[in-house]
Amino acid sequence: MGAAVLTTLEVREAAVCQQRYYEPYFVAVLWEGRTRCDSLWRNLTGDIVPLLPIVRGATPYDRLYWTGYALGNAPVNVNMRVWARAVDLNGVPLGSSWRAIGQATIQTPPLRWFRVEIPEGHWDEYRLEVRSATPRLVYSRLIASQGYWKEWTRCLYAFSKTLRRLPM
Amino acid sequence: MPVRFLKNASEIADVSMESPLPVRQQGAITTRPADTLLVATLTVDTTARDLLGSTAAELPTLDNCGQYRKLVWLAHRASNTAINYTIRARATDLAGTPLSSGWQTLASGTFAADAANPNWVRLDIPATGDGYYDQYRIEVSVASGTVVLTSKIVGVR
């Protein structure tokens, strides 16, 4: 009995390109309100007590988004910074001070709307501060999301090969 | 043969992307919780030990973590001292017994001294991708001296 003769088959090799993207599936509004900011670093609630957070219980959230609008016609720099910390099971911070997540400055106008993305999620408490040399009203909304990092796969069928008949 | 359903009081429609079957939600939409798995304070010294103070290499710091996509390690160090860490993980069988001895090292590195953030540190485990390991062992040490480290581990589903 002779060996089977393989017919010619066409196969493809996939060149795979993967890109990661964040897909939120739950979004919550954590805080909304306005802040009359001045030359002092103030929490969004207006306090200057560095112990107080603006939100508590933010542990489940992957990331936060701080969007807002600053009133006023004269150009002025509005400075912003974000702090975070973790608490124990009793709600007591693990230690003193805060972790500095980041800071930013916008000039209003021309910019009136701003959006600050806070990628470091899962901290328990956040403190968001603003200040400006000229008193200014800032309207803010703080939202938080839960989501997944996913991979988007593109298969590029760039190559095509033909199996050759195997030697007998 | 298409599947049809009573779309409203007088219309029978084929099931399609534009006209899906009606569904009724059972219960409220719940958020995906992140669980606090561990809060522990350790005086870190030059001996590599896990967050619970153990130097026994086979002992896990965290067990039953298979449901968590990742862990987030949030910690406060009492002084701005560099802390070395090693993250190990492994899987267990259905009885909770490790598939074998030893660990897979997921990451090792240093929380460097940082003027901008002298006290608070953070690490995602794993840094990219998903975890779903059953056990983790988190070891820390310092090059010299000691530093008090208060850690919190959050498991994210």
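What comes next concerns the included structure.

### Side note on the overall build of chain B
1) Next: Scanning chain B from N- to C-terminus turns up zero helices and ten strands.
2) Next: Listed by position from the N terminus, the elements making up chain B come as β-β-β-β-β-β-β-β-β-β.
3) Next: Relative to its length of 157 residues, chain B is extended, with a C-alpha radius of gyration of 23 Å against a globular reference of 15 Å.
4) Next: Along the three orthogonal principal directions, the C-alpha set of chain B runs to about 80 × 40 × 25 Å.
5) Next: For chain B, contacts bridging at least 24 residues in sequence account for 75% of all contacts bridging at least 6.

### What to know about the overall build of chain A
1) Next: Counting secondary structure elements, chain A contains zero helices and eight strands.
2) Next: Helices (α) and strands (β) of chain A occur, in sequence order from the N terminus, as β-β-β-β-β-β-β-β.
3) Next: Looking at chain A residue by residue over its 168 residues, the buried ones come to 29%.
4) Next: For chain A, the share of sequence-separated contacts (at least 6 apart) that also reach a separation of at least 24 residues comes to 84%.

### Digging into the environment of A40 of chain B
Residues and elements named next belong to chain B.
1) Next: As for its placement among the helices and strands, A40 is situated in strand 3 (residues 34-44).
2) Next: Its 17 C-beta neighbours within 10 Å are what place A40 among the partly exposed residues.
3) Next: For the pair A40 and L51, spaced eleven residues apart in sequence, the C-alpha to C-alpha distance is 6.7 Å.
4) Next: Not counting residues up to four positions away in its chain, the partners in contact with A40 are L51, L52 and S151.

### Things to note about the interface of chain B and chain A
1) Next: With 18 residues of chain B at the contact, the number on the chain A side is 16 residues.
2) Next: Going through the elements one at a time, strand 3, strand 5 (70-77), strand 8 (120-125) and strand 10 (147-156) of chain B are the ones with two or more residues in the side of chain B that touches chain A.
3) Next: Of the residues forming the side of chain B that touches chain A, the biggest block, four residues, is contributed by strand 10 of chain B.
4) Next: In terms of residue class, the side of chain B that touches chain A is built from nine nonpolar, six polar and three charged.

### Topic: the sheet that holds strand 7 (residues 125-132) of chain A
Residue and element names in this part refer to chain A.
1) Next: Strand order in this open sheet of four strands is 2-7-4-5, and the pairing throughout is antiparallel. Of all strands in the sheet, those with a lone pairing partner are strand 2 (42-43) and strand 5 (99-108), marking the two edges.
2) Next: Direction of pairing for strand 4 (residues 76-85) relative to strand 7: antiparallel, over a ladder of eight bridges. Looking at the pairing, N79 lines up with R131 of strand 7.

### Considering the nonpolar core
1) Next: Judged by nonpolar contacts, the single largest core of 54 residues is most densely connected at L64, V82 and Y126 of chain A together with L71, W73 and Y136 of chain B.
2) Next: For L71 of chain B, the residues in contact, after removing those within four places along its chain, are C65, I125, G131, Y136, I153, V154 and G155 of chain B.

### Focus on unusual backbone geometry
Trans is the common state for peptide bonds, and a negative phi is the common state for residues other than glycine.
All names here are of chain B.
1) Next: With omega at -10°, the peptide bond leading from I125 into P126 counts as cis.
2) Next: As for its placement among the helices and strands, P126 is situated in the loop between strand 8 and strand 9 (135-141).
3) Next: One non-glycine residue, N64, lies in the positive phi region at around 55°.
4) Next: Its location among the elements puts N64 in the loop between strand 4 (49-50) and strand 5.
5) Next: Not every positive phi belongs to a glycine, and Y132 is a case in point at roughly 60°.
6) Next: Given 14 C-beta atoms within a 10 Å radius, Y132 is considered partly exposed.

### A short note on the pairing of strand 10 of chain B
Residues and elements named next belong to chain B.
1) Next: Most of strand 10 sits inside the fold, with eight of its ten residues counted as buried.
2) Next: Pairing of strand 3 with strand 10, which is carried by ten bridges, proceeds in the antiparallel orientation. Bridged to V39 within strand 10 is K152.
3) Next: Sheet analysis places strand 5 next to strand 10, joined by eight bridges and oriented antiparallel. Looking at strand 10, one finds that K70 is bridged to V156.

### A look at the sheet that holds strand 8 of chain B
Residue and element names in this part refer to chain B.
1) Next: If you walk across this open sheet you meet the four strands as 3-10-5-8, and the pairing is antiparallel. Lying at the two open borders of the sheet, with one neighbouring strand each, are strand 3 and strand 8. Averaged over all neighbouring strand pairs, the angle between strand axes comes to 15°, with direction disregarded.

How each quantity is defined
- Residues numbered from 1 in each chain as written.
- Chains lettered and ligands numbered in written order.
- Predicted model: local features only at pLDDT ≥ 70, side-chain atom pairs only at ≥ 80, totals over all residues.
- Helix = DSSP H or I, 4+ residues; strand = E, 2+ residues; numbered from the N terminus.
- Rg over C-alpha atoms; globule rule 2.2 N^0.38 Å.
- Contact = placed C-beta atoms within 7 Å.
- Buried ≥ 20, exposed ≤ 12 C-beta atoms within 10 Å, placed from the backbone.
- Nonpolar A, V, L, I, M, F, W, Y, C, P; charged D, E, K, R; others polar.
- Pairing = 2+ DSSP bridges.
- Core = buried A, V, L, I, M, F, W, Y, C linked by C-beta atoms within 7 Å.
- Axes fitted to C-alpha atoms, helices over the stretch in contact; angles between N-to-C directions.

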